[in-house]
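Fold and geometry: a report
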Amino acid sequence: MSNLELDPDEIRCGAGAGTGREVLTGREVPLGGPRAMAVSRTLPGAHRRMIGAWCFVDAYGPQPATMRVPPHPHTGLQTVSWLVSGEVLHRDSLGNLQQIRPGQLNLMTAGRGISHSEESPHTVLHGVQLWVALPGAHRHVEPGFEHHPSLPVLSGPGFEASVVMGSLGGVVSPATAYSPLLGAEVAVDGACEVPVDPAHEHGLLLLDGEVAEVERGSLVYLPPGRSGVRLSGRGRVLLIGGEPFEEELVMWWNFVGRSHDDIAAYRKEWMEGEGFGSVEGFDGAPLPAPVLPGTRLKPRGRVR
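Residues numbered from 1 in each chain as written. Predicted model: local features only at pLDDT ≥ 70, side-chain atom pairs only at ≥ 80, totals over all residues. Heavy atoms only, no water.

A closer look at the overall build of the chain
The test is simple: Runs of H or I in DSSP of at least four residues are treated as helices and runs of E of at least two as strands, each being numbered from the N terminus. Each radius of gyration is computed over the set of C-alpha atoms, and the globule rule expresses the reference value as 2.2 Å times the number of residues to the power 0.38. Residues are treated as being in contact if the distance between any of their heavy atoms lies within 4.5 Å.
A count of helices and strands for the chain gives one helix and 21 strands. Compactness check: the chain gives a C-alpha radius of gyration of 18 Å against a globular reference of 19 Å for 304 residues, within 12% of the reference. Across the chain, every contact between residues at least 6 apart in sequence was considered, and the portion connecting residues at least 24 apart equals 73%.

Here it is as structure tokens:
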């Protein structure tokens, strides 16, 4: 999914450090204008900009909607599409055409550059769109796309977790990852403790139902140092995590780079060049890039 804000701010990753549990309240963002589908954006937040390599979390629904995201570019990241209900059709400049349904993963690696579109029939849409920042050694990898129709599951007393990205309790997702991280949908039934890597920081987002430790519409941040996450209730939670990402980034519109000049070059290529390819079969024009701000964009760290 694109960041379709018409006048996007620089997505800053500020300096400083936070300690302990934090609650990141989502802000409502309309995608594509006044009739657009509304999403709740919890990453990047006003203070915390990343959890591990996860740098962007949009949650939407459940709401009757028609998704229509025209072709747009990405660099320096992976997009992770996960549905709770509905269906979405992905097209990209590599020629991939792939429907995604609940329980399936669409993973797109932008690397040096790719463009894609997303659309759905009018249906009840409910899901999350996430970005993973690529570390410097891999940010210019060749673009790619993966569809995983089924994913491995970790089960324990009171929970069952589909491992979307990375690993959880020794269960490893087949999806390609470029840094130590975790993404999982955890179905909670009662009281449970989900094993996690104590070297990772984590985030919890309620998808549906009622889980006591997670407030609806917010992302709960948990610092490194714990070997388990305790949950209670009945519902589904998105669990993300990873080793703290130490590189400074510039995030603006749909691009992740390391400098203002990176972003300016990506924008120019999208508007004037052919490096992002073209998306065939979408009925409509590509998205134009917004105008860059009047001041230079600065690379920043994972917290503000």
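Structural notes on empty space enclosed by the protein
The criterion, for reference: Here a cavity is any set of points on a 1 Å grid over the protein atoms alone where a 1.4 Å probe fits but cannot get out, and a pocket is any open set with protein on both sides within 12 Å along at least 5 of 7 lines; a residue lines the site when it has an atom within 4 Å of a point. Grid points are joined across faces, edges and corners, and a volume is the space filled by probe spheres set on the points.
As enumerated under the stated definition, the model contains two cavities of 30 Å³ or more in all. Empty space within the largest cavity amounts to approximately 110 Å³. For the largest cavity, the lining is made up of 18 residues, of which S81, V88, N106, E118 and Q129 are closest to its centre. Elements with a minimum of two residues in the lining of the largest cavity: β6 (77–85), β7 (88–92), β9 (105–109), β10 (114–119) and β11 (123–133). Top contributing element to the lining of the largest cavity by residue count: β6, with four residues. Looking at the second largest cavity, its volume works out to about 40 Å³.

Overview of the pattern of salt bridges
Just so we agree on the cut-off: Salt-bridge detection follows one rule: a side-chain nitrogen of Lys or Arg within 4 Å of a carboxyl oxygen of Asp or Glu. Here the term buried applies to any residue with accessible area under 20% of the maximum for its type, exposed to any over 50%, and partly exposed to those in between, with areas from a 1.4 Å probe on protein chains only.
Evaluation of the coordinates by the stated rule reveals 16 salt bridges. Close ionic contact of E87 with R101 constitutes a salt bridge, the shortest N to O distance being 3.8 Å. With E87 in the loop between β6 and β7 and R101 in the loop between β8 (97–100) and β9, this pair connects stretches of sequence that are 14 residues apart. The exposure class assigned to R101 is partly exposed, which follows from its relative accessible area of 39%. When salt bridges with common partners are traced through the structure, they connect E22, R48 and E201 into a single cluster.

Digging into the confidence of the model for the chain
Note the following rule: Values of pLDDT, ranging from 0 to 100, describe the predictor's confidence in every residue of the model.
Mean pLDDT for the chain: 93, with 92% of residues reaching 70 or above. Contacts for the low-pLDDT stretch residues 10–19, under 50 throughout, to residues beyond four places or in other chains number 33 contacts.

A look at the sheet that holds strand β12 (residues 144–148)
Two strands in a sheet stick together by hydrogen bonds in their backbones, pointing the same way (parallel) or opposite ways (antiparallel). Put simply, the rule is: Any two strands between which DSSP finds at least two bridges are classified as paired. In this analysis an axis means a line fitted to C-alpha atoms, helices contributing only their contacting stretch, and an angle means the value between N-to-C directions, from 0 to 180 degrees.
Ordered by their spatial adjacency, seven strands build an open sheet running β2-β3-β4-β11-β6-β9-β12, and the pairing between neighbours is antiparallel. Both outer strands of the open sheet, β2 (27–31) and β12, are each paired with one neighbouring strand and no more. Taken over all neighbouring pairs, the strand axes of this sheet differ in orientation by 20 degrees on average, direction set aside. Strand direction decides the pairing type here: strand β3 (residues 37–43) and strand β4 (residues 54–65), joined by three bridges, are antiparallel. Bridging from a neighbouring strand, L43 pairs with V57 of β4.

Re the packing of aromatic side chains
Going by this rule: Two rings from Phe, Tyr or Trp (for Trp, the six-membered ring) form a pair when their centres are within 6.5 Å of each other. A pair whose planes differ by under 30 degrees is stacked, one over 60 is edge-to-face, and the rest are tilted. Whether a charge sits over a ring comes down to the Lys NZ or Arg CZ being within 6 Å of the ring centre and within 35 degrees of the ring normal.
Scanning the entire structure with this criterion turns up six aromatic pairs. Following the ring pairs from residue to residue traces out a cluster consisting of W252, W253, F255, Y266, W270 and F276. The side chain of R48 reaches across the aromatic face of Y221, ending 3.6 Å from its centre.

Quick look at the sheet that holds strand β5 (residues 68–74)
If you walk across this open sheet you meet the four strands as β5-β10-β7-β8, and the pairing is antiparallel. Two strands bound the open sheet, and with one partner strand each, they are β5 and β8. The average undirected angle you get between the axes of adjacent strands in this sheet is 20 degrees. Across five bridges, the pairing between β5 and β10 is antiparallel. Considered in β10, the bridge of H72 is made with H116.

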